[in-house]
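# Chains, contacts and geometry: an overview
Given next are the chains, with one letter for each unit.
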Amino acid sequence: MAKFESVFGTPKPVIAMVHFGALPGTPLYDAERGISGLISDAEADLLALQAAGVDAVMFGNENDRPYEFEVDTASTTTMAYVIGRLRDQITVPFGVNVLWDPKSTVALAAACGATFCREIFTGTYASDMGHWAPDAGAALRYRKRLDKDDLLMLYNVCAEFADSLDRRPLADRARSAVFSSIPDAILVSGQITGEAARMEDLEAVKDALPDTPVLANTGVKIHTVADVLRIADGCVVGSSLKVDGNTWNPVDPDRAKQFMDRARAAR
């Protein structure tokens, strides 16, 4: 818990997503707007979120659909380049997530100086992308090789777009992951991006892990954030802060400010 608190510097932090547009080499990439378009869109979202008072931001390649388990090098290097271009404007702690590739996520964090990262590091799943079996041991050994022992590791223990093949209750899987795979925080998600985690799941995981930070990872909204923060140690939020609450729209400054006003009042 101490490491988590030292990174974010506030109780129950709100981590806001800066979703990149589709990256080069992916089916939805907009070649006409190119890299400059990716930079300008990410910059606008970053500045709007920081102006709203979020506690941290996380850069992710949410629109690199269809998703992959081994991401093309071009995706990771483009993300590093864009974050590097924005680095002087980042005023809050920042993290990264390269969907759905743990080692690329760690590599990106090392390259751009991120203080935390998020991924599916443990478990076995049947998913839209096929059989999913990440390797936390390989990811953490890679972090060690890159001399990033200070990188905060956020483990999402209920994968989106997937169903766990491990039939133990979620709280038991989360407790087991903390013992076996040494995360710094546990994330609880809904079934897909923008869909809320079940409150009973969030509560069960937190009850099982009183000494480990547990965050809601998806679907937190303005009208639910107070209830979420009564249980969780923070949240990750993306779609709720966008125009019309649509994941693929730009950040709405008014929605973001209203969300943070509600979150601050709740913690």
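Here, every reference points to the structure presented above.
Owing to the predicted nature of the structure, the values given are computational and were not obtained by experimental measurement.

Within the protein one finds nine helices and 11 strands. Scaling as 2.2 N^0.38, a compact globule of 267 residues should have a C-alpha radius of gyration of about 18 Å, and the protein matches this with 17 Å. If one aligns the C-alpha atoms of the protein with their principal axes, the spans along those axes are about 50 × 40 × 35 Å. For the protein, with 267 residues in total, the buried portion stands at 55%. Across the protein, contacts joining residues at least 24 apart in sequence account for 70% of those joining residues at least 6 apart. Carbon and sulfur atoms provide 50% of the accessible area of the protein, an area that totals close to 11,300 Å².

Here helix α2 (residues 34-52) crosses helix α3 (residues 73-86) at 55°, and the two axes come no closer than 10 Å. Classed by the angle they form, the pair α2 and α3 counts as oblique. Pair α2 / α3 crosses with right-handed handedness. Judged by residue contacts, Ile-35, Leu-38, Ile-39, Ala-42, Glu-43 and Leu-46 of α2 engage Thr-78, Tyr-81, Val-82, Arg-85 and Leu-86 from α3. Residue composition of the contact of α2 with α3, grouped by class: eight nonpolar, one polar and two charged.

A few words on helix α9 (residues 253-266). Between the first and last C-alpha of α9 there are 20 Å, a value that for 14 residues agrees with the 20 Å anticipated at 1.5 Å per step. For α9, the full list of buried residues reads Ala-256, Phe-259, Met-260 and Ala-263. The buried residues of α9 all sit within an arc of 95° when viewed along its axis, so they share a single face. Relative to its buried face, α9 has exposed residues pointing more than 90 degrees away, namely Asp-254 and Ala-265. Buried residues in α9 make contact with β1 (14-19), α2, α8 (225-231) and β11 (235-237). Capping the start of α9, Asp-252 holds a side-chain oxygen 2.9 Å from the backbone nitrogen of Asp-254, two or three residues further along.

The next point concerns the sheet that holds strand β8 (residues 162-164). Taken in spatial order, the three strands make up an open sheet running β6-β5-β8, and their pairing is antiparallel. In this open sheet, the two edge strands, each paired with only one partner strand, are β6 (130-132) and β8. On average, each strand axis in the sheet is inclined to that of its neighbour by 25°, with strand direction left out of account. Alignment of strand β5 (residues 125-127) against β8, held across three bridges, turns out to be antiparallel. Among the inter-strand pairings, Ala-126 is bridged to a residue of β8, identified as Asp-163.

A few words on the pairing of strand β4 (residues 116-119). Here β4 shows a buried face lined by Phe-116 and Arg-118 and a second buried face lined by Cys-117 and Glu-119. Pairing of strand β3 (residues 94-97) with β4 involves two bridges; the strand directions are parallel. Bridge pairing in β4 links Val-96 to Cys-117. The handedness of the β3 to β4 crossover, carried by helix α4 (residues 102-112), is right-handed.

The final tally for this structure, using the stated rule, is 13 salt bridges. Among the salt bridges present, the one from Asp-233 reaches Lys-206, with a minimum N-O distance of 2.7 Å. Taken together, the positions of Asp-233 in the loop between α8 and β11 and Lys-206 in helix α7 (residues 199-208) put the pair 27 residues apart, joining distant regions of the chain. The residues Asp-233 and Lys-206 share a single accessibility class, namely buried. What emerges from the salt-bridge pattern is a single network uniting Arg-198, Glu-200 and Asp-201.

Attention now goes to the side chain of Asp-184. Position of Asp-184 among the secondary structure elements: in the loop between α6 (170-181) and β9 (185-188). Accessibility expressed as a relative area gives 17% for Asp-184, which makes it buried. Reaching out from Asp-184, the side chain makes a polar contact with the backbone nitrogen of Met-153 at a distance of 2.8 Å. Those residues in contact with Asp-184 that lie beyond four places of it in its chain are Lys-3, Arg-143, Leu-151, Leu-152, Met-153 and Pro-213.

Before going further, it helps to spend a moment on the environment of Ala-44. As for its position among the elements, Ala-44 is in helix α2. Looking at Ala-44, the relative accessible area reads 45%, which means it is partly exposed. Spatially, the C-alpha atoms of Ala-44 and Lys-221 are 21 Å apart, while their sequence positions differ by 177 residues.

About the criteria used
Residues numbered from 1 in each chain as written. Predicted model: local features only at pLDDT ≥ 70, side-chain atom pairs only at ≥ 80, totals over all residues. Heavy atoms only, no water. Helix = DSSP H or I, 4+ residues; strand = E, 2+ residues; numbered from the N terminus. Rg over C-alpha atoms; globule rule 2.2 N^0.38 Å. Buried < 20%, exposed > 50% of the residue type's maximum accessible area, 1.4 Å probe, protein only. Contact = heavy atoms within 4.5 Å. Areas by Shrake-Rupley, 256 points an atom, 1.4 Å probe, with all protein chains shown as cover. Axes fitted to C-alpha atoms, helices over the stretch in contact; angles between N-to-C directions. Parallel < 35°, antiparallel > 145°, perpendicular 65-115°, else oblique. Left-handed = near helix turned anticlockwise from the far one by under 90°. Nonpolar A, V, L, I, M, F, W, Y, C, P; charged D, E, K, R; others polar. Expected span 1.5 Å × (residues − 1). Arc of directions from axis to C-beta. Polar contact = N/O pair within 3.5 Å; in protein donor to acceptor, adjacent residues only side chain to side chain. Pairing = 2+ DSSP bridges. Right-handed = clockwise from strand over helix to strand, strands pointing away. Salt bridge = Lys/Arg side-chain N within 4 Å of Asp/Glu carboxyl O.

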